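Each chain is listed here by its residues.
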Number of protein chains: 2
Amino acid sequence: MSTAQTEPAATAAAAPNLQDILAAHERIRAQIHRTPVLTSESLNAMTGAQFFFKCENLQKTGSFKFRGATNAVFSLSDEEARRGIVTVSSGNHGAAISLAARRRGVPAWIVMPRNAPRAKREAVEAYGGQVTECEYNMESRDAVCKSVQDRTGAILIHPYNNPRVIAGQGTAAVELLEQVPDLDMVIAPVSGGGLLSGIAIASKSLRPQIRVIGAEPKNADDAFRSLASGKIEPTAKTETIADGLRAVLCPLTFSILQKNVDEIAMVTEEEILSAMRLLWERMKLIVEPSGAVPAAAAIHGKIPARDKRIGIVLSGGNLDLDQIPFVRKQV
Amino acid sequence: MSTAQTEPAATAAAAPNLQDILAAHERIRAQIHRTPVLTSESLNAMTGAQFFFKCENLQKTGSFKFRGATNAVFSLSDEEARRGIVTVSSGNHGAAISLAARRRGVPAWIVMPRNAPRAKREAVEAYGGQVTECEYNMESRDAVCKSVQDRTGAILIHPYNNPRVIAGQGTAAVELLEQVPDLDMVIAPVSGGGLLSGIAIASKSLRPQIRVIGAEPKNADDAFRSLASGKIEPTAKTETIADGLRAVLCPLTFSILQKNVDEIAMVTEEEILSAMRLLWERMKLIVEPSGAVPAAAAIHGKIPARDKRIGIVLSGGNLDLDQIPFVRKQV
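Not measured: the values here are computed from a predicted model. Here the residue numbers are simple positions, counted from 1 along each chain's written sequence. Chains carry letters from A onward and ligands carry numbers from 1 onward, assigned in written order. With pLDDT at 70 or above as the cut-off, local features in this predicted model cover only qualifying residues; side-chain atom pairs require 80 or more to be listed or tallied, and sums for whole chains, interfaces and linings still use all residues. Hydrogens and water are ignored here; the side-chain numbers use all heavy atoms of the structure.

### Considering the domain arrangement of chain A
Residue and element names in this part refer to chain A.
Right, on to step 1. Domain assignment breaks chain A into domain 1 (11-64 + 163-323) and domain 2 (66-156).
Right, on to step 2. The source of the domain bounds is an automatic or database domain assignment. Spacing between the C-alpha centres of domain 1 and domain 2 amounts to 24 Å.
Right, on to step 3. Pairs of residues are marked as contacts when any of their non-hydrogen atoms sit within 4.5 Å. The partner domain 2 presents 16 residues to the 25 residues of domain 1 that form the contact.
Right, on to step 4. Buried area counts how much accessible surface, traced with a 1.4 Å probe, disappears from two parts once they are put together, with both parts' losses summed. Buried area between domain 1 and domain 2, both sides added, is near 1,700 Å², and the carbon and sulfur share of it is 51%.
Right, on to step 5. Three residues, Gln31, Thr61 and Arg164, lead the burial of domain 1 against domain 2; their summed loss comes to 39% of the area buried on that side.

Pasting the structure below:
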């Protein structure tokens, strides 16, 4: 594929800095929700910490992904944008790209497996994306993506291996630190590492003494193992209810996390479910399993929380309400 | 019972005015959440209106009731407060009184039927209230309440037949109109009428041209019939999923609504469920059935919404997550 058809080169050298993130914030500010930061006395009382929940589940399209997608789509030149956007994420990034492209007035092709859940297809279509089917394997996915590019000239916007996407995700931390300047820690989920990279760069730049923590399921602990071994480790086992956290780091995000993240905390499936239910019950917020992972780490003692002021990114709220995982028996 | 043991005389003459509501706001400001106002492009697109959702489901104790309860409890003299508080609501008002009393450092007795749902008892107890059992009828309830008063000297704080409670509920509209000054309409649910009374007085005082609308289930349409007939009508049928909206007006709230409310909109059970599910799905907010009634009226064409800027009070978010009414089949 020609370089004109691809996203900006995603090498370690291309990591965005604070200026890129602030510029992204200016670029997307009118398009996104400035999400509220909410607190819960009962969760504070359970842990002795002071939690500040950055509610990206209340972001447009239901997740932080709309920040990065909007920054990437609106960073394109008119000539580039006109060709349309293609991406391979069937989840929150696909929905986010669909709406961002519609806002820009250009088409978006979202490559997803034939057997993807109906709810995910419908979300993409509701935001104006064109679902483009592939088989349930990486080879088919990449081949279909390539054929869309060849046919249309569409620009690929990867969900995290893209500095503009990372800069967009970092705007959540810019807002959080405006809303609550004196945080001791910030915790975000880590999967491909786009969100955590953006959060880490923005947080360490704006407040050098802050501790930046990634949270991931024990059952998808590749970020933990990668930072421990010093090289990108594959996921050994991806059976986790946190279905948004199954991706693995890329060289770009790995190098950013190596420099800017203090610690990766891991949580069990039971801890994720328990935290998710607590967020629903106590905070009246619909948070998807992946979005509850950082809260699970904070609530279930995976980080030293007592007497600390902790920013927690509730990253998304998209799930099938007919398949709520913690609901016991329903009549 | 002696007058010292009762709440302020609740007659039509005692209706709070804007000054009372602003004073209430000063009194409770540090105790409550200033709840966010959220918007939804997709709900706007469905209706052609611009909705501004005042999220009292995110209020402490999960409903607006904490505003009125806090104002009433903190308006008591030290001598009065010391005797403790008693109330007969087993729902959101009971939970709100429990926490407000705990904040004041005084006991709260919450009279509720022996067969009340476990979730409601647990909520009251979690906030420090003392559950006091009665039989499932008004005579027993009032007798048990009276015996608590006789034994302890506790002050009764009624859920809506109380000007201080009404003034507290009105603070939600003060905030809403600070957050979004140029509303054409505001809609709140109506049951006993405490919330709608406070909202109506504050809204009409701060913005005389605003239209104030109450919303109630067709199956509990006593407010509609009362305002139509000019006298308080009993509820004919109280089989509604909106279990917080089964109370009837009292002379105080009736007279306030007669003067300050433009219209009562009614919704079916299906419309309540549909609106509730939309709020969960599109806005990622947990709203209880009663809390979804105004949104149901606005979404389902019960009021002229197109091109209007409409404030909608999402009044509460408390429900048993194991009994979500719209969830179809759960495995």
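### What to know about the pairing of strand E2 (residues 50-55) of chain B
Residues and elements named next belong to chain B.
Right, on to step 1. With a 1.4 Å probe rolled over the protein chains alone, any residue whose accessible area is under 20% of its type maximum counts as buried; one over 50% counts as exposed, and the rest are partly exposed. The way it works is that DSSP assigns letters per residue, a run of H or I at least four long becomes a helix, a run of E at least two long becomes a strand, and they are numbered from the N terminus. When you tally the buried positions in E2, you get 5 out of 6 residues, the bulk of the element.
Right, on to step 2. We call two strands paired when DSSP finds no fewer than two bridges between them. Pairing of strand E1 (residues 37-38) with E2 involves 2 bridges; the strand directions are antiparallel. Its bridge partner being in E2, valine 37 is matched across the sheet by lysine 54.

### Observations concerning the side chain of A:Ser290
Residues and elements named next belong to chain A.
Right, on to step 1. Note that serine 290 resides in the loop between helix H12 (269-283) and helix H13 (293-299).
Right, on to step 2. N or O atoms closer than or at 3.5 Å make up a polar contact, with two conditions inside protein: a donor-capable atom paired with an acceptor-capable one, and, for residues adjacent in sequence, both atoms drawn from side chains. A polar side-chain atom of serine 290 sits 3.5 Å from the main-chain amide nitrogen of aspartate 243.
Right, on to step 3. Residues in contact with serine 290, not counting those within four places in the same chain, are Pro189, Ala242, Asp243, Gly244, Leu245 and Ser315.

### Brief notes about the packing of aromatic side chains
Between two aromatic rings, the relevant description is the distance of the centres plus the angle of the planes.
Right, on to step 1. When the centres of two rings from Phe, Tyr and Trp lie within 6.5 Å, Trp using its six-membered ring, the rings pair. Their planes under 30 degrees apart give stacked, over 60 give edge-to-face, and anything left gives tilted. On inspection of all chains with the given rule, the structure shows 5 aromatic pairs over all chains.
Right, on to step 2. Measuring from centroid to centroid gives 5.0 Å for B:Trp280 and B:Phe326, while their planes differ by 90°, and the two rings are edge-to-face. Of this pair, B:Trp280 sits in helix H12 (residues 269-283) while B:Phe326 sits in the segment after strand E10 (309-314), and the two are 46 residues apart along the sequence. With respect to burial, B:Trp280 and B:Phe326 carry one shared label: buried.
Right, on to step 3. An aromatic cluster is built from A:Trp280, A:Phe326, B:Trp280 and B:Phe326, whose rings are joined through pairwise contacts.
Right, on to step 4. Counted as over-ring charges are cases with an Arg CZ or a Lys NZ within 6 Å of the ring centre that also lie within 35 degrees of the ring normal. It is A:Arg104 that lies over the ring of A:Phe74; its NZ or CZ is 5.8 Å from the centre.

### Re the environment of A:Ser197
All names here are of chain A.
Right, on to step 1. Among the secondary structure elements, serine 197 is positioned in helix H9 (residues 194-206).
Right, on to step 2. Spatially, the C-alpha atom of serine 197 lies 9.6 Å from that of proline 163, the residues being 34 residues apart in sequence.
Right, on to step 3. Once residues lying within four places of it in the same chain are set aside, the contact partners of serine 197 are Ile166, Thr253, Ile256 and Leu257.

### Some thoughts on the relation of the copies chain B and chain A
What relates the pair of chain copies is a rotation about an axis plus a shift along that axis.
Right, on to step 1. Between chain B and chain A, the superposition needs a rotation of 180° and an axial shift of 0.0 Å, giving an RMSD of 0.0 Å. Such a combination of rotation and displacement between the chain copies is what one expects of a two-fold axis. A least-squares fit on C-alpha atoms brings the copies together, and the residues used are those whose pLDDT is at least 70 in both copies.

### Here we look at helix H8 (residues 163-179) of chain A
Residue and element names in this part refer to chain A.
Right, on to step 1. The end-to-end C-alpha distance of H8 is 25 Å, a good match for the 24 Å that 17 residues give at a rise of 1.5 Å each.
Right, on to step 2. With 14 of 17 residues buried, H8 lies mostly within the body of the structure.
Right, on to step 3. The backbone nitrogen of arginine 164 lies 2.8 Å from a side-chain oxygen of the residue at the head of H8, namely asparagine 162. Expected span of a helix, by definition, is 1.5 Å for each gap between consecutive residues, and there is one gap fewer than residues.

### Focus on the confidence of the model for chain A
Right, on to step 1. The predicted model of chain A has a mean per-residue pLDDT of 93, with 95% of residues at 70 or higher.
Right, on to step 2. Every residue is assigned a pLDDT by the predictor, reflecting its confidence on a scale from 0 to 100. The low-confidence segment residues 1-6 of chain A, where pLDDT is below 50, has 13 contacts with residues more than four positions distant or belonging to other chains.

### Points about the sheet that holds strand E6 (residues 155-156) of chain A
Residue and element names in this part refer to chain A.
Right, on to step 1. Spatially, the 4 strands line up as an open sheet ordered E5-E4-E3-E6, and their pairing is parallel. The sheet is open, and its two edges are formed by strand E5 (130-134) and E6, each paired on a single side.
Right, on to step 2. In the sheet, strand E3 (residues 85-87) pairs with E6 via 2 bridges, with the strands oriented parallel. By the bridge assignment, isoleucine 85 is partnered in E6 with isoleucine 155.
Right, on to step 3. For every element, the axis is a line fit to its C-alpha atoms; helices are fit only across the contacting stretch, and the angle between N-to-C directions ranges from 0 to 180 degrees. This element, helix H5 (residues 92-104), spans E3 and strand E4 (108-113) of the sheet and lies at about 165° to E4.

### Structural notes on the interface of chain B and chain A
Right, on to step 1. Taken together, the 28 residues of chain B in the interface contact 30 residues of chain A.
Right, on to step 2. Overall, the association of chain B and chain A removes approximately 2,600 Å² of surface from exposure, summing both partners, and the carbon and sulfur fraction of that is 50%.
Right, on to step 3. Any Lys or Arg side-chain nitrogen found within 4 Å of a carboxyl oxygen on Asp or Glu counts as a salt bridge. On the surface where chain B and chain A come into contact, there are 6 salt bridges.
Right, on to step 4. B:Glu41 serves as the salt-bridge partner of A:Lys60, at 2.7 Å between the closest nitrogen and oxygen.
Right, on to step 5. Residue composition of the side of chain B that touches chain A, by class: 11 nonpolar, 8 polar and 9 charged. As a working rule, the residues Ala, Val, Leu, Ile, Met, Phe, Trp, Tyr, Cys and Pro are called nonpolar, Asp, Glu, Lys and Arg charged, and the rest polar, with Gly in that last group.

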